[in-house]
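Each chain is listed here by its residues.
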Amino acid sequence: MENKNFIYLDNASSTKADDRVIEEMLPFIKEHYGNPSSVHQAGADVREGIENARVKVSELIGANPEEIYFTSCGSESNNFALIGIAEANQSKGRHIITSAIEHLSILNPLKDLQKKGYEASILTVDKDGFVNPQDIKKAIRPDTILISIMHANNEIGTIQKIKEISEIAKSAGVIFHSDGVATAGIIELDVNELGMDALSFSSQQMYGPKGSAALYVRKGVRIKPFILGGVQEKGRRAGTENAPGIAGFGKACEIAKLEMKSINERLVILRDKLIKGIMDNIKEVTLNGSMESRLPGNVHVSFEYIEGESIVLFLNMQGITVATGSSCASQALKVSHVCTSIGLSQATAQGSILFSIGKYNTEADIEKVIEVLPPIIDKLRKMSPLYKG
Amino acid sequence: MFQYNEKVMDHFANPRNVGEIVNADGVGEVGNPVCGDMMTFYIKVKDGKLDDVKFKTFGCGAAIAVSSMVSEMAKGKTLEQAMQISNKDVAKQLGGLPENKLHCSNLGADALHKAIENYRQQHKEI
């Protein structure tokens, strides 16, 4: 995989860990292997590493270290937030508001909660993927206990009007959770400025290791423990901490905070170059998501008449790695719910491709994509019974 | 991505017999874009044999490879022989397909059979 022709454009799925992150992790694999809950020095060294990382992680999002709970992945953070807040606050009510384009790690536990007697309002989004804050206002009931709206969508890249939404939640006295996996460490995110009571975020999306993520929970917000056992993470998430992963996550947060601005200035240029290159050279293609409020590295497009997995395979043969929302490429064999929620027809959604640009991509990478993509699209269209052009 | 074997990847990247047959003797269409796969097969019949077979496919790597393989297997065969080609035979000829791809690849032989049935309906005497 590591040849010079390899172009990785699936940074929304996972990123290459920064070398400085790996350096930070190594001592916690090689030397500091004690159990951080042990009282001896070997344990204390690991504890210190974890707590140092907790400070860095909290600083990235403007939180206090004691408001950070380490978890194993973004999905766990989302499950923890949704189930934990719903169950801890059920004496106040059992109604939850969310959107149709949330990650499945929100939508699936929500289905489970509905079976247990909770009620949900799952709001539709407009063609650009925006939740209308007024729809949230209208959906709030006296028994609403939680509103969960993602900061930005991982597929189409639309950044929500979070501040407006959180203000509505606040004035109604409802807890507001946001899935920030696509944004934390990528764009500016301050939980106080954005009014978030809880935030899920993950290391692997910000040039940190996999298996390491966090849930921020504002002091005073009630949440039920997610893993029962010892007193790790204040008893709310038992189990020996993933010290190397947490150390790496801390470093990734520190680097992101310092370098985010300059990285994004470059990413936006690459993103817009790729969008223009696709639009200028290929007909009957739609750019999905909002152009005004979009993640800096996100290019999500739908090619008419063809299917996404075939595009992914042909690009892969050229060393280019991208993602698709087509049903054939998904293990669940279902087309992306995000694509259909923004109004794409099933056929159009099948031809959706996400190019997610990251900090290691170069202008030459983008030029290569613009060069090899049009003939691939052309070849597949000529093979398609739907294409009459 | 690396779920397909070399033979499947070869038929996907260099599909045989892609296209339409103008004035085809039979046309068979299966699937739809909703499920993610759609195939149209065109046949030309001469002396009870498949003189030419072409296809157009909308779908994943497996769907394209299956279409290509079916077209190769069918060419030159009698209609009876071609009707015997099963989806299992096609998967076998391709050296196997991933479990979760079998369903979308089952369409290949179906589309061919539909084209033959379409031909037979127009030529009831055969």
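Because the structure is a prediction, the values reported are computed rather than measured.

1. Points about the overall build of chain A
- Helices and strands together make up the secondary structure of chain A, namely 12 helices and 13 strands.
- Relative to a compact globule of 389 residues, whose C-alpha radius of gyration would be 21 Å, chain A shows 21 Å and is just as compact.
- Along the longest, intermediate and shortest principal axes, the C-alpha atoms of chain A span 70 × 55 × 35 Å.
- The contacts of chain A with a sequence gap of at least 6 include a subset with a gap of at least 24, amounting to 71%.
- Counting 43 positive and 47 negative side-chain charges, chain A places the averaged centre of each group 3 Å from the other.

2. Some remarks on the side chain of Ser 384 of chain A
- With respect to the helices, strands and loops of the structure, Ser 384 of chain A is situated in the segment after α12 (363-383).
- Within polar-contact distance, the side chain of Ser 384 of chain A engages the backbone nitrogen of Leu 386 of chain A at 3.0 Å.
- Apart from the residues lying within four places of it in its own chain, the contact partners of Ser 384 of chain A are Tyr 305 and Ile 306 of chain A together with Lys 56, Thr 57 and Phe 58 of chain B.

3. Description of the pattern of salt bridges
Residues and elements named next belong to chain A.
- All told, the structure shown has 31 salt bridges over all chains when counted by the stated rule.
- Of the charged contacts, one joins Glu 24 and Lys 56 as a salt bridge, the two residues approaching to 3.4 Å between their closest N and O atoms. A residue pair is termed long-range when its members are at least 10 positions apart, and Glu 24 in helix α1 (residues 19-25) and Lys 56 in helix α3 (residues 41-60) qualify at 32 residues.
- Put simply, Glu 87 and Lys 224 hold a salt bridge, and the shortest N to O gap is 2.9 Å. Within this pair, whereas Glu 87 is found in helix α4 (residues 74-88), its partner Lys 224 is found in the loop between β8 (213-217) and α8 (243-281), the two being separated by 137 residues in sequence.
- For Lys 224, a relative accessible area of 39% translates into the label partly exposed.

4. Notes on the sheet that holds strand β13 (residues 352-356) of chain A
Residues and elements named next belong to chain A.
- Strand order in this open sheet of 4 strands is β9-β10-β13-β12, and the pairing throughout is antiparallel. Of all strands in the sheet, those bounded by a partner on one side alone are β9 (285-287) and β12 (323-324).
- In terms of strand pairing, β9 meets strand β10 (residues 298-303) through 3 bridges, oriented antiparallel. Bridge assignment links Leu 287 to a residue of β10, and that residue is Val 301.
- Sheet strands in contact with α8 are β9, β10 and β13, and its direction is about 15 degrees off that of β10.
- Contacts from helix α9 (residues 308-317) reach β10, β12 and β13 within the one sheet, and its direction differs from that of β13 by about 40 degrees.

5. Digging into the interface of chain B and chain A
- Contact with chain B, which involves 28 residues of that partner, is made by 26 residues of chain A.
- Among the salt bridges present, the one from Lys 101 of chain B reaches Glu 309 of chain A, with a minimum N-O distance of 2.4 Å.
- Counting every contact that joins chain B to chain A gives 9 residue pairs in polar contact (both at pLDDT 80 or more).
- Its residues assigned to classes, the side of chain B that touches chain A comprises 17 nonpolar, 8 polar and 3 charged.

6. Brief notes about unusual backbone geometry
Residue and element names in this part refer to chain A.
- One non-glycine residue, Glu 233, lies in positive phi territory at about 50 degrees.
- Relative to the assigned elements, Glu 233 resides in the loop between β8 and α8.
- One non-glycine residue, Lys 234, lies in the positive phi region at around 50 degrees.
- Following the sequence through the fold, Lys 234 ends up in the loop between β8 and α8.
- Its relative accessible area of 51% is what places Lys 234 among the exposed residues.

7. Considering the environment of Lys 7 of chain B
Residues and elements named next belong to chain B.
- In this structure, Lys 7 sits in helix α1 (residues 6-13).
- Residue Lys 7 is classed as partly exposed on the basis of its relative accessible area, which comes to 40%.
- With near-sequence residues (within four places) excluded, Lys 7 lies in contact with Met 69, Gln 93 and Leu 94.

8. As for the domain arrangement of chain A
Residues and elements named next belong to chain A.
- Along its sequence, chain A is organised into domain 1 (7-15 + 260-383) and domain 2 (19-255).
- One C-alpha centre belongs to domain 1, the other to domain 2; they are set 27 Å apart.
- Note on domain 1 versus domain 2: buried area summed over both sides is about 2,400 Å², and carbon and sulfur give 54% of it.
- When the buried surface of domain 1 facing domain 2 is broken down by residue, Thr 15, Met 260 and Leu 295 rank first, second and third, together holding 26% of it.
- One can count 0 salt bridges joining domain 1 with domain 2.
- The interface formed by domain 1 and domain 2 includes 14 residue pairs in polar contact (both at pLDDT 80 or more).
- Elements that contribute at least two residues to the side of domain 1 that touches domain 2 include exactly α8, β10 and α10 (337-341).
- If one sorts the elements of the side of domain 1 that touches domain 2 by residue count, α10 sits on top with 4 residues.
- For the side of domain 1 that touches domain 2, the class distribution of residues is 9 nonpolar, 15 polar and 2 charged.

9. So, helix α2 (residues 61-74) of chain B
All names here are of chain B.
- Compared with an ideal rise of 1.5 Å per residue, which puts 14 residues at 20 Å, α2 spans 20 Å between its outermost C-alpha atoms and is within 8% of the ideal.
- Along α2, 13 of the 14 residues are buried, which leaves the element largely enclosed by surrounding structure.
- Positive backbone phi, at 90 degrees, marks Gly 76, one or two positions downstream of α2.

10. A closer look at the nonpolar core
- Ranked by internal contacts, the top residues of the largest apolar core, which has 69 residues, are Ile 278, Phe 303 and Phe 355 of chain A together with Leu 50 and Leu 112 of chain B.
- When sequence neighbours within four positions are dropped, the list of residues in contact with Phe 355 of chain A reads Leu 9, Leu 274, Ile 278, Gly 297, Asn 298, Val 299, Val 301, Leu 315, Val 322, Val 369 and Leu 373 of chain A.

11. Looking at the packing of α3 of chain A against α8 of chain A
All names here are of chain A.
- Two elements in contact, α3 and α8, have axes whose closest approach is 8 Å; the angle formed by their N-to-C orientations is 30 degrees. With respect to each other, α3 and α8 are oriented roughly parallel. Considering only the axes of α3 and α8, their crossing is left-handed. Contacts between α3 and α8 involve Val 46, Ile 50, Ala 53, Lys 56, Val 57, Glu 59 and Leu 60 from the first element and Ala 243, Ile 246, Ala 247, Phe 249, Gly 250, Lys 251, Cys 253, Glu 254, Ala 256, Lys 257 and Met 260 from the second.
- Split by residue class, the contact of α3 with α8 holds 12 nonpolar, 1 polar and 5 charged.

12. Examining the state of the cysteines
Residue and element names in this part refer to chain A.
- According to the stated counting rule, one finds 0 disulfides over all chains in the structure shown.
- Here Cys 253 is not cross-linked by a disulfide; its sulfur's nearest cysteine counterpart is in Cys 73, at 16 Å.
- Here Cys 253 falls in the buried class, since its relative accessible area comes to 0%.

Rules used in this analysis
Residues numbered from 1 in each chain as written. Chains lettered and ligands numbered in written order. Predicted model: local features only at pLDDT ≥ 70, side-chain atom pairs only at ≥ 80, totals over all residues. Heavy atoms only, no water. Helix = DSSP H or I, 4+ residues; strand = E, 2+ residues; numbered from the N terminus. Rg over C-alpha atoms; globule rule 2.2 N^0.38 Å. Contact = heavy atoms within 4.5 Å. Lys, Arg positive; Asp, Glu negative; His and termini not counted. Charge placed at Lys NZ, Arg CZ, Asp CG, Glu CD. Polar contact = N/O pair within 3.5 Å; in protein donor to acceptor, adjacent residues only side chain to side chain. Salt bridge = Lys/Arg side-chain N within 4 Å of Asp/Glu carboxyl O. Buried < 20%, exposed > 50% of the residue type's maximum accessible area, 1.4 Å probe, protein only. Pairing = 2+ DSSP bridges. Axes fitted to C-alpha atoms, helices over the stretch in contact; angles between N-to-C directions. Nonpolar A, V, L, I, M, F, W, Y, C, P; charged D, E, K, R; others polar. Domains from an automatic or database assignment. Buried area = accessible area lost by both parts, 1.4 Å probe. Expected span 1.5 Å × (residues − 1). Core = buried A, V, L, I, M, F, W, Y, C linked by side-chain atoms within 4.5 Å. Parallel < 35°, antiparallel > 145°, perpendicular 65-115°, else oblique. Left-handed = near helix turned anticlockwise from the far one by under 90°. Disulfide = S-S within 2.5 Å.

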